[in-house]
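The chain contents come next:
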Amino acid sequence: MTSMANTVQELDSQRIKSYAKKAGFDLCGITSAEVIPEARNRLLKWLERSLEGEMDYMRKDPERRSDPSLSLPGAMSVIVLALNYFQPDTEVAKPESGLVAKYARGKDYHKVTEKKIEALLRMISEDYSDLDTRDMFKWFVDYGPALERSYAARAGMGYLGKNSMLITPEFGSWVLLSMIITKLELEPDKNRESEQATCGVCQRCITNCPTHAIIAPGVIDSNKCISYLTIEKRGPFVLETQSNLHSRVFGCDICQDVCPHNYDSIRTAHEEFTDSSGVGEFVDLKTIVRMESRKEFLDWCAGTPLTRPKLEGIKRNAATILSENSENTL
Ligand code: B12
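Here the structure is a predicted model, which is why all the values come from computation and not from measurement.

A.B. asks: Could you clarify how one ought to interpret the overall build of the protein chain in this entry?
C.D. replies: Along its length, the protein chain carries 13 helices and eleven strands. A globule of 330 residues ought to have a C-alpha radius of gyration of about 20 Å, and the protein chain, at 21 Å, matches this closely. The proportion of buried residues among the 330 residues of the protein chain is 52%. When the accessible surface of the protein chain is summed, it comes to about 16,200 Å², and 53% of that surface belongs to carbon and sulfur atoms. With 42 positive and 48 negative side-chain charges, the protein chain shows a separation of 2 Å between the mean positions of the two kinds.

So, in C-alpha cells, the structure goes:
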C-alpha cells in the first residue's frame, strides 16, 4: 500500500515539474509544507534586532511567514519555482547616470511570473479535474508571507550563501523565486545542500559590500543595504550612512556581482527581463530629478519594478547620487 502511494506521489512530482518547464520556469523544486525551525528562528532573531528597517510588512505575523499551513490550512507540499534573469552589465557608468539592479531592467517580474503560474495551474487542473484547484493551491510571487529562499533550499534548488541569496548550481543567485503551497502530498526533492559547493572560506560579498550591510554570514541589516534604501525606504535619508548609494538608483547587485558562483552565468531566455523591455541598465539622473508629474513618471517606468518607490523615492535616490558625485569631484 505504502509503496504504491509513494509511486503515485513521485509521478505527480515529476509531472508537475515537467509542466513547470512547459510553463516557462527554469527551475522547480518540491518540499514538504512543514515549518523549517532553523529558518523560523533566524527570522525571529532578525526581527528582534530590527534588521527589517521600516518594512512593517516583515514584522507582521512572522508565524505565518514561516508556516505555509497558516496560509493554506491542510497544506502538505510547497512547489518552489525560479526564473533566471541574468544579463551581463554592458556599459561603463557615466557621471550623471544611475545604475539599475539587473532584476529590474526589464518588465516587472511579479507580472511575468504570475502569468507562468497561471499557465502551470491550468495544466495541473486539467489532470486533477476532480479537484477544486482554487481550494488546493495558494501561490505567492515574492509578496506573500513566506520564507521563499529557505523553502527553495529545502526543495534542493541550491544553498543559502553568506550574502543570504539562494545560490543555484545552474544559474548562480540570478533567480527570482515564487511558490505554490498545495494540499497535494507530493514526493519532496532531496536537499542538495550538502552535495554541492558552499561558500567555504569566501567572504567576497561581506568585504565588498560598500555599506557593510552583511553583518554576519547570511544576515543582512536592511537599514544599511543599498537595495533597501533605494527601493523600500520611504521618506528622506536621515543617516549619514544613507547618503552614499554608490551610483545605485534602484536596487543593488554588488554582493551578487562579486560572488564566484555567479561568474560565467547564463543569459536569461526571458525577453521580458532584458533591457529593451524596460528602463535598461542606466538611467539619466537629471531627467529623473526634473520629473514633475506622476504621469511623466509612469510614462517612463509603468510595468517595471521601478514604480515601487514612487516618483518621490526615485527622485530622492537620483538627487542623492548627483550630490555624492559632485562631492567626489570637489
Ligand atoms: C525583505 C526582502 C528584502 C529586504 C531584506 C533582505 C534580506 N536579506 O532579508 C531587502 C530590501 C534588503 C532585499 C534586498 C534584495 N532582494 Co529581497 N526579498 C525580501 C523578501 C520579501 C523577504 C526576505 C526575508 O524573509 N527576509 C528575512 C530574512 C530573515 O530571511 P532571508 O533573507 O530569506 O534569510 C533566510 C535564509 O537566509 C535562512 N538561512 C540562512 N542561512 C541558513 C542556514 C540554514 C541551515 C537554514 C535552514 C536557513 C538559513 O534564514 C533566513 C530566515 O529563513 C523576499 C521574498 C520572500 N517572500 O521571501 C525577497 C527576496 C529574498 N529578494 C530577492 C532579491 C532578488 C533581492 C535583491 C537581489 C534585489 C536587488 N538587486 O536589489 C536584494 C539582495 C540583497 C540581499 N543580499 O539580501 C529574491 C532573492 C532570490 C535569491 N536568489 O535568493 C527574493 C526571494 C524575491 C524573489 N521572489 O525572488 N530583499
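A.B. asks: So what exactly am I meant to see when it comes to the environment of Ile220 here?
C.D. replies: With respect to the element layout, Ile220 can be found in strand S9 (residues 219–220). Taking the C-alpha atoms as reference points, Ile220 and Lys138, 82 residues apart in sequence, are found 28 Å from one another. Sequence-distant contacts of Ile220, defined by excluding residues within four places in its chain, comprise Trp46, Leu51, Asn163, Ser164, Ala213, Ile214 and Cys225.

A.B. asks: Can you help me understand the site of the ligand in this one?
C.D. replies: Surveying the vicinity of the ligand reveals 37 residues, the closest of which are Glu148, Asn163, Leu166, Leu177 and Ser227. For the ligand, a nitrogen atom lies 2.7 Å from a polar atom in the side chain of Glu148. With respect to the ligand, the side chain of Arg149 contributes an N or O atom lying 2.9 Å from an oxygen atom. Put simply, the parts of the chain that give the shell around the ligand at least two residues each are helix H2 (37–48), helix H7 (148–154), strand S7 (175–182), helix H9 (226–232) and helix H10 (254–257). With five residues, H2 is the largest single contributor of residues to the shell around the ligand. Its residues assigned to classes, the shell around the ligand comprises 21 nonpolar, nine polar and seven charged. Counting contributing residues, the shell around the ligand receives three or more from each of domain 1 (2–90 + 107–195) and domain 2 (204–329).

A.B. asks: When you look at unusual backbone geometry in this model, what are you seeing that I'm missing?
C.D. replies: What you tend to see is this: most non-glycine residues have negative phi, and most peptide bonds are trans. Positioned with a positive phi, Ser50 is a non-glycine residue whose angle comes to about 55 degrees. Mapped onto the elements, Ser50 comes out in the loop between H2 and helix H3 (56–59). With a phi angle near 60 degrees, Asp264 is a residue other than glycine that sits in the positive phi range. Mapping Asp264 onto the fold places it in the loop between H10 and strand S11 (282–284).

A.B. asks: What should I look at first to understand H2 in this one?
C.D. replies: Working note: α-helix, 3.6 residues per turn, so residues spaced by three or four point in the same direction. Taking 1.5 Å as the rise per residue, H2 with twelve residues should run 16 Å; its terminal C-alpha atoms sit 16 Å apart, in good agreement. Of the residues making up H2, those classed as buried are Ala39, Arg40, Leu43, Trp46 and Leu47. Here the buried residues of H2 occupy an arc of 125 degrees about the axis, which is enough to place them on one side. Opposite the buried face of H2, at more than 90 degrees from it, the exposed residues are Pro37, Glu38, Lys45 and Glu48. On its buried face, H2 is in contact with H3, helix H4 (62–65), H7 and S9. Immediately beyond the C-terminal end of H2, within one or two residues, lies Ser50, with a positive phi of roughly 55 degrees.

A.B. asks: In this structure, what is going on with the pattern of salt bridges? I would like to understand it.
C.D. replies: It is possible for side chains bearing opposite charge to pair when their charged atoms get close. Here the structure, examined in full by the defined rule, presents 17 salt bridges. Note that Glu54 and Lys233 form a salt bridge whose closest N and O atoms lie 3.3 Å from each other. Of this pair, Glu54 sits in the loop between H2 and H3 while Lys233 sits in the loop between H9 and strand S10 (248–250), placing them 179 residues apart in sequence. Taking relative accessible area as the criterion, Glu54 reaches 46% and is therefore assigned partly exposed. The class for Lys233 is buried, based on a relative accessible area of 5%.

A.B. asks: Whenever I open this one, empty space enclosed by the protein confuses me. Can you help?
C.D. replies: Any empty space left between the atoms is revealed when a probe the size of a water molecule rolls over them. Evaluated as defined, the whole model comprises one cavity of 30 Å³ or more. Estimates place the volume of the largest cavity at around 60 Å³. For the lining of the largest cavity, the secondary-structure elements that each account for two or more residues are strand S3 (97–100) and S10. The residue inventory of the lining of the largest cavity, partitioned by class, reads five nonpolar, one polar and six charged.

A.B. asks: Whenever I open this one, the nonpolar core confuses me. Can you help?
C.D. replies: One recurring pattern in soluble globular proteins: nonpolar side chains tend to sit buried together. Formed by 96 residues in total, the largest nonpolar core has its most connected members in Val80, Leu81, Tyr103 and Leu120. Counting residues per element, this core draws most heavily on helix H5 (residues 109–127), at eight residues. Summarising the domain contributions, this core has at least three residues from each of domain 1 (2–90 + 107–195) and domain 2 (204–329). Excluding its chain neighbours within four sequence positions, the residues that come into contact with Tyr103 are Tyr85, Tyr109, Leu176, Ile231, Phe250 and Pro305.

A.B. asks: For this particular structure, what's the right way to read the packing of aromatic side chains?
C.D. replies: Two descriptors summarise a pair of aromatic rings, namely the distance from one centre to the other and the angle between the planes of the rings. In this structure the tally under the stated criterion is five aromatic pairs. Note on Phe86 and Trp174: the rings are 5.4 Å apart at their centroids and 40 degrees apart in plane angle, and the pair reads as tilted. Highlighted residues: Phe86 in the loop between strand S2 (77–84) and S3 and Trp174 in the loop between strand S6 (166–167) and S7, separated in sequence by 88 residues. Ring geometry for Tyr103 versus Tyr109: centroids 5.7 Å apart, planes at 80 degrees, classification edge-to-face. Considered together, Tyr103 and Tyr109 belong to a single accessibility category, that of buried residues. Taken together through their ring pairs, the aromatic side chains of Tyr85, Phe86 and Trp174 make up a single cluster.

Here is what the cut-offs are and how they apply
- Residues numbered from 1 in each chain as written.
- Predicted model: local features only at pLDDT ≥ 70, side-chain atom pairs only at ≥ 80, totals over all residues.
- Heavy atoms only, no water.
- Helix = DSSP H or I, 4+ residues; strand = E, 2+ residues; numbered from the N terminus.
- Rg over C-alpha atoms; globule rule 2.2 N^0.38 Å.
- Buried < 20%, exposed > 50% of the residue type's maximum accessible area, 1.4 Å probe, protein only.
- Areas by Shrake-Rupley, 256 points an atom, 1.4 Å probe, with all protein chains shown as cover.
- Lys, Arg positive; Asp, Glu negative; His and termini not counted.
- Charge placed at Lys NZ, Arg CZ, Asp CG, Glu CD.
- Contact = heavy atoms within 4.5 Å.
- Near = heavy atom within 4 Å.
- Polar contact = N/O pair within 3.5 Å; in protein donor to acceptor, adjacent residues only side chain to side chain.
- Nonpolar A, V, L, I, M, F, W, Y, C, P; charged D, E, K, R; others polar.
- Domains from an automatic or database assignment.
- Expected span 1.5 Å × (residues − 1).
- Arc of directions from axis to C-beta.
- Salt bridge = Lys/Arg side-chain N within 4 Å of Asp/Glu carboxyl O.
- 1 Å grid on protein atoms, 1.4 Å probe; cavity = no way out; pocket = protein on both sides within 12 Å on 5 of 7 lines; lining within 4 Å.
- Points joined across faces, edges and corners; volume = space filled by probe spheres on them.
- Core = buried A, V, L, I, M, F, W, Y, C linked by side-chain atoms within 4.5 Å.
- Phe/Tyr/Trp six-rings, centres within 6.5 Å; stacked < 30°, edge-to-face > 60°.

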